[in-house]
Amino acid sequence: MKLCVLVPGLVPGLVLVLALVLTVCVARSPYQAVLQHSRIRGRQQGPNVCAMQQIKGTDKKYFTNCKQWYHRKVCGKPTVITYECCPGYEKIPGEKGCPAALPLVNIYNTLGVVGASTTQMYSERAKLREEVEGPGSFTFFAPSNEAWAALPMEILDALVSNVNIELLNALHYHMVNRRLTSEELRHGSSFASMYQDLHVHIHHYSNGVVTVNCARLIKPDQHATNGIVHVVDRVITAISNDVNTLIDVDDDLETLRTAIAAAGLTPMLESEGQYTIFAPTNEAFEKIPQETLNRILGDPVALRDLLNYHILKQMQCAESVVSGTPMETLQGSVLEVGCDGDQMTLNGKAIITKKDQLGTNGVIHYINELLIPDSAKTLLELAEGSPVTTATKLFVEAGLSPHLMGSEALTMLAPQNDAFKEPVCLRLMTNHMLKETLSSKSLYHGQELETLGGLKLRVFVYRNNLCIENACIAAHDKTGRYAAMFTVDKVLTPPMGTIMDVLKADDRFSVLVGAIQTAGMTELLNQQRALTFFAPTNDAFNTLPRAELNKLLRNQQELSVMLRLHLGEGMLVSGGVGSHTRVKPLQGEKLELGVRNYTVYVNKVPVADADLMATNGVVHAVGSIIRPLRESRCLVV
């Protein structure tokens, strides 16, 4: 336990902040932390008052942490703040807050004052009263009145029709023959109940929620002379089967059962653990195209990844989820487990049809939609699940479907939909397919990548971006069963010649080509090196006064100086330009680059057409002649 010291003399406005810091320091468990936070938020109402968040339109209340307090939401639903006595305290008429400690009485009488009077009534019917009034030290996980009311009528009838056996056994399963405070209810622990020593299973989550057999403790730590009462939100039932057995006996999970056996996961699901299984029903499997399903079921690696993607590494009861939280699966990817009101959600979708089917080694939640991880998908399936529909259509039209659906080691460079500004030649699509499976994390500056079309593409690593030729990676990699996909921000334009070749092939640069020849720089722009050319168009030259232009075009030395200011060392595509990017020109001190409204500027001149790729550099067309930036100087007096 940490020790925190409050320093005297601090300003009053810091008192609440220090109190919240102190909460974190001295809290002995997550539940104690949220309880202390609730005490701090409620103290203006008087002593021993706890502030709670109640979901609007329901009776569900929560002690909450700072994050939930400020969001004013639980499971996406708005909450209202209510105030009530903290556990162990009660009101006195005419006095503020809850100044009086509750009288300490036996467990039977405690049940009557903590909202568990139905449990008290059934305890008397089952002749349990004498036991919970008498000597001993017990923990009673007592269902609230609402919990009994929510029990299906046929189950309740079966219990109360045989009070001396069924009801007594059910109540004994809610009891442990020792006193256990919330602090002792540690995550993943279990305790032998007073019914045939069958265990109750405890989970104490980081958000302060505590569950027993997935029932939430809504009023923990109600002390009694002969033990302690924790009021829970549902009636719990004894569990004796592991999760694999639960799957085995349910006809709705027949396809899942077959898949688990085929993947060799049965021993794991029979062993000790704390698993959460999102179990796809037969209906969920039937929604998948038969061809896709047959492929995965016939591929042991893909099948194992598929099933492990439905299993969390830790046990997550539905009541523990109060907001969307990323959780790692056995497959290694992450699922966002959340909630929307009473519905539990996966990746934001309400596909869970049955919750909290509890086994000795985990919990099962039924889902009506199969979750297919990227690692079990073909390249085509990766693309179809991403915002690259235009590129996907073009790959198919270009006759590349066998590559997209096969088992080749490939990497697809898929431009985003908004990258297609004009029609694309289908032959170009082969140059968006690389001949090996890559990870963007393994790419390095200057690396060359071979395409299906036989071209070599260059990799450029910048401080703010990772680019392949003119196209920069715009989203996280997707790695499928055999191949990978990089989403890129532009259609690739592989280099088709040197800088000089690029300029000669474009009528916009006819004046510039003549100027380069006059300046004697043709050889420089044909050499195999890395240059960035901010190339003035004919319009840029025509902005100069006619006399000045004629003089410039006849002067080899002036032309050379001017053109070398437009040439930067190294390859800089537009995606590599950030705020205050600097390039060293061949002539002069610096070129200052930046981006504003998606336009690149160089020394305050906008780039009119970026990323004309060449084998020895890149050309960016500019509509004005670039001038050196004037340095501002301060006069020291």
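The rules we used
Residues numbered from 1 in each chain as written. Predicted model: local features only at pLDDT ≥ 70, side-chain atom pairs only at ≥ 80, totals over all residues. Heavy atoms only, no water. Pairing = 2+ DSSP bridges. Helix = DSSP H or I, 4+ residues; strand = E, 2+ residues; numbered from the N terminus. UniProt positions renumbered as here; feature names shortened; annotations may be inferred. Buried < 20%, exposed > 50% of the residue type's maximum accessible area, 1.4 Å probe, protein only. Contact = heavy atoms within 4.5 Å. pLDDT = per-residue confidence, 0-100. Phe/Tyr/Trp six-rings, centres within 6.5 Å; stacked < 30°, edge-to-face > 60°. Disulfide = S-S within 2.5 Å.

Here's the deal with the sheet that holds strand 24 (residues 456-461)
Spatial ordering of the open sheet is given by 23-24-25-26, a layout of 4 strands whose pairing is antiparallel. Edge positions in the sheet fall to strand 23 (448-450) and strand 26 (471-472), since each has one partner strand and no second.

Digging into the UniProt feature "domain: EMI" (unreviewed entry) in the protein
Within the UniProt annotation, "domain: EMI" (unreviewed entry) is assigned to residues 46-100. Taken as a whole, residues 46-100 contains 11% helix and 42% strand, while its terminal C-alpha atoms sit 12 Å from one another.

Quick look at the environment of S117
As for its position among the elements, S117 is in helix 5 (residues 117-125). Residue S117 is classed as partly exposed on the basis of its relative accessible area of 33%. Along the sequence, S117 and N145 sit 28 residues apart, while their C-alpha atoms lie 6.5 Å from each other. Ignoring anything within four residues of it in the chain, the contact list for S117 reads L111 and N145.

Remarks on the confidence of the model for the protein
Averaged over all residues, the pLDDT of the protein is 92; the fraction at 70 or higher stands at 95%. Per-residue pLDDT stays below 50 along residues 1-25; that stretch engages in 23 contacts with residues further than four places along the chain or on separate chains. Low confidence marks residues 631-637, where pLDDT is under 50. Its contacts with residues over four positions away, or in another chain, come to 2 contacts.

Focus: the pairing of strand 13 (residues 227-232)
Of all 6 residues in strand 13, 6 are buried; the element is thus mostly enclosed. Side-chain alternation along strand 13 places G227, V229 and V231 on one buried face and I228, H230 and V232 on a second face that is also buried. Note that strand 7 (residues 138-143) and strand 13 share 6 bridges and pair parallel. Among the inter-strand pairings, F141 is bridged to a residue of strand 13, identified as H230. In this sheet, strand 13 lies alongside strand 12 (residues 215-224) in antiparallel orientation, the contact comprising 5 bridges. Across the sheet, residue K219 finds its bridge partner in strand 13, namely V231.

Let's talk about the packing of aromatic side chains
Using the criterion set out here, one finds 3 aromatic pairs in the structure. Here Y31 and F63 contribute two aromatic rings whose centre-to-centre distance is 6.0 Å and whose plane-to-plane angle is 75°, an arrangement assigned as edge-to-face. Here the residue Y31 occupies a position in helix 2 (residues 30-42), and F63 occupies one in the loop between strand 2 (61-62) and helix 3 (66-71), the gap between them amounting to 32 residues. Considered together, Y31 and F63 belong to a single accessibility category, that of buried residues.

Quick word on the state of the cysteines
In total, this model carries 5 disulfides according to the counting rule given. C85 shares a disulfide with C98; S-S distance 2.0 Å. As the torsion about the S-S bond is roughly -85°, the C85-C98 disulfide counts as left-handed. Remark: C98 occurs in the loop between strand 5 (89-90) and strand 6 (100-101) and C85 occurs in strand 4 (residues 77-85); sequence separation between them is 13 residues. The exposure class assigned to C98 is buried, which follows from its relative accessible area of 0%. There is a disulfide in this structure between C214 and C317, and the S-S distance comes to 2.1 Å. Judged by the sign of its S-S torsion, about -70°, the bond between C214 and C317 is left-handed. Of the two residues, C214 sits in the loop between strand 11 (210-212) and strand 12 while C317 sits in the loop between strand 15 (311-312) and strand 16 (325-328), which places them 103 residues apart along the sequence. Like C214, the residue C317 is buried in the burial classification.

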